[in-house]
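Chain by chain, the residues:
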Amino acid sequence: MRFAMDAYRTDFGRSIDAMLEDSDVPGISRALAAGDPAPLRTLWKSLSDSGITGLLVDVEFDGSDAEPLDMVVALERLGKWAVPGPVVESLVAIPTLLRGIGTVDPNIRSEWLRGLGSGQLIATLAFEEQIPYAVDPAISDVILSVRAGVVSTATVSSVHDSIDRARKLGEVAADGAVEFTGDCRAASAATDLAATLGCAAQLLGAGQSMLDRSADYVKSRRQFGRVIGTFQAIKHQLADVMIGLELARPLLYNAALSVAADSPTAQRDVSAAKIACGDAAYRSSRAALQVHGAIGYTSEYDLSLWITKVRALRSAWGTQAMHRRRVLEAL
C-alpha cells in the first residue's frame, strides 16, 4: 500500500503554505505571548478565507464537511508554521463535539458552528483528563467543559503559563449557562479521536519544519574551518530525524483513513500515530537545538517557537505513556 496525497490535497497544502509564508507567524506568536491577540484574529480570518476553519463544520452551517485526511493536511501545515492559538480545540475538537450532540437551544449550536466555520468565533475546551486546562481561554469566544460525559459552557478561574510562551492554560469550571443533551459520551469519544489526530498532524508538521531549518543551517555554519553539514555525525543525526518523520507519516495517514471509515481499530491507529509523530517531532527538536548551538535557546531566535510548541503539544491530548497503553491494550 502506498500512502501518498492526491493532487487536490497536495495543492491544498501548498496553498496553505503560501498563505502562512506571507503572514509573519513568528511575529503573531510573539504578539500573543505579549498579550496582544489582534494579529492572531487577523490570521484566523485568513484561515477562514482559505476554508480551514470550516473543514469539520457541516455544509448546512456553511462548512466543508471535509474528511479527516483533509484536516490532517491542514493541521500538518499549521504545525509546520507553528501557528499559535487553540488550533486543535477550535478547528477540530469543538466542531466534532457539536456535530455529535444536541443542545437545549438548537439556535446556539447553529450560531456556534457558523461562527467557527466563518472564523468569527475562536473556541477552546477542557476535556476530561486529556487536557485538564483550556488552551488560550483569554482569546476564545466560547469555552466548554467536558467532564464525565457532561458538556457545558465554562468560566475561567485562573490562567497559567505554558512552556510555549504563546500558549496560556486556563483552569475552568462548568457554569451550566448552556448545557448539552444527547449521546455526549459517544460525541466525546469521537472528539478525542479527531483532536488527537489533529495534534499528531501538528507535531509532524513542526518536526518537519525543524528538520528543514536544521538542514539549511548546517549548510552555512562553519566550525574548525569547515561547513558543519559535512561532518559525519551531523549527517547521521539529521538522517535519523528524517527516518523518524518518514515512518510517522504513513501512520498518521492510516489513522485518518481509519477514523473516516469508523474502523474498530481507529483508537489504536490514532494513538500509534500520536506516539510516532510526537517522538519524531521531539527528536527533531533535540537535533535542531544541538546543531544550532546556544542560539537555539534564545527566545529571539525563531527556532525556539517550534521547540517549545513541540514540548507543549507532545503531552496535549494524551501523554505518550497513555497512548502506548492504549496500543498495548488493543493488541
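Before reading on, note that the structure itself is shown above.
The rules behind the values
Residues numbered from 1 in each chain as written. Predicted model: local features only at pLDDT ≥ 70, side-chain atom pairs only at ≥ 80, totals over all residues. Heavy atoms only, no water. Core = buried A, V, L, I, M, F, W, Y, C linked by side-chain atoms within 4.5 Å. Buried < 20%, exposed > 50% of the residue type's maximum accessible area, 1.4 Å probe, protein only. Helix = DSSP H or I, 4+ residues; strand = E, 2+ residues; numbered from the N terminus. Contact = heavy atoms within 4.5 Å. Phe/Tyr/Trp six-rings, centres within 6.5 Å; stacked < 30°, edge-to-face > 60°. Lys NZ or Arg CZ within 6 Å of the ring centre and 35° of its normal.

(A) Representation of the nonpolar core in the model. Grouped together as the largest cluster of nonpolar side chains are 98 residues, with contacts concentrated most on Leu-20, Ile-52, Leu-78, Leu-125, Leu-252 and Trp-317. Among the elements that make up this core, the one with the highest residue count is helix α7 (residues 184–218) (15 residues). Not counting chain neighbours up to four residues away, the residues in contact with Leu-125 comprise Glu-89, Ala-93, Ile-94, Leu-97, Ile-131, Tyr-133, Ala-134, Val-135, Leu-144, Val-146 and Trp-317. In this structure, Ala-126, Ala-134, Ile-143 and Val-172 belong to the second largest nonpolar core, which totals five residues.

(B) Local environment of the packing of aromatic side chains. Under the criterion given, the structure shown has two aromatic pairs. Seen from their ring centres, Trp-112 and Phe-180 are 6.0 Å apart, and the 45° between their planes marks the pair as tilted. Placement of Trp-112 in helix α6 (residues 106–118) and of Phe-180 in strand β6 (residues 168–181) is noted, with a sequence separation of 68 residues between them. Ring centres of Phe-127 and Trp-317 lie 5.2 Å apart, and the angle between their planes is 45°; on these two criteria the pair is classed as tilted. Pair noted here: Phe-127 is in strand β2 (residues 123–127) and Trp-317 is in the loop between α10 (303–314) and α11 (320–330), with a separation of 190 residues, a long-range link. Of note, Arg-213 hangs over the ring of Trp-306, and the distance from its end group to the ring centre comes to 4.0 Å. Over the ring of Tyr-282 we find Arg-314; its NZ or CZ atom is 4.4 Å from the centre of that ring.

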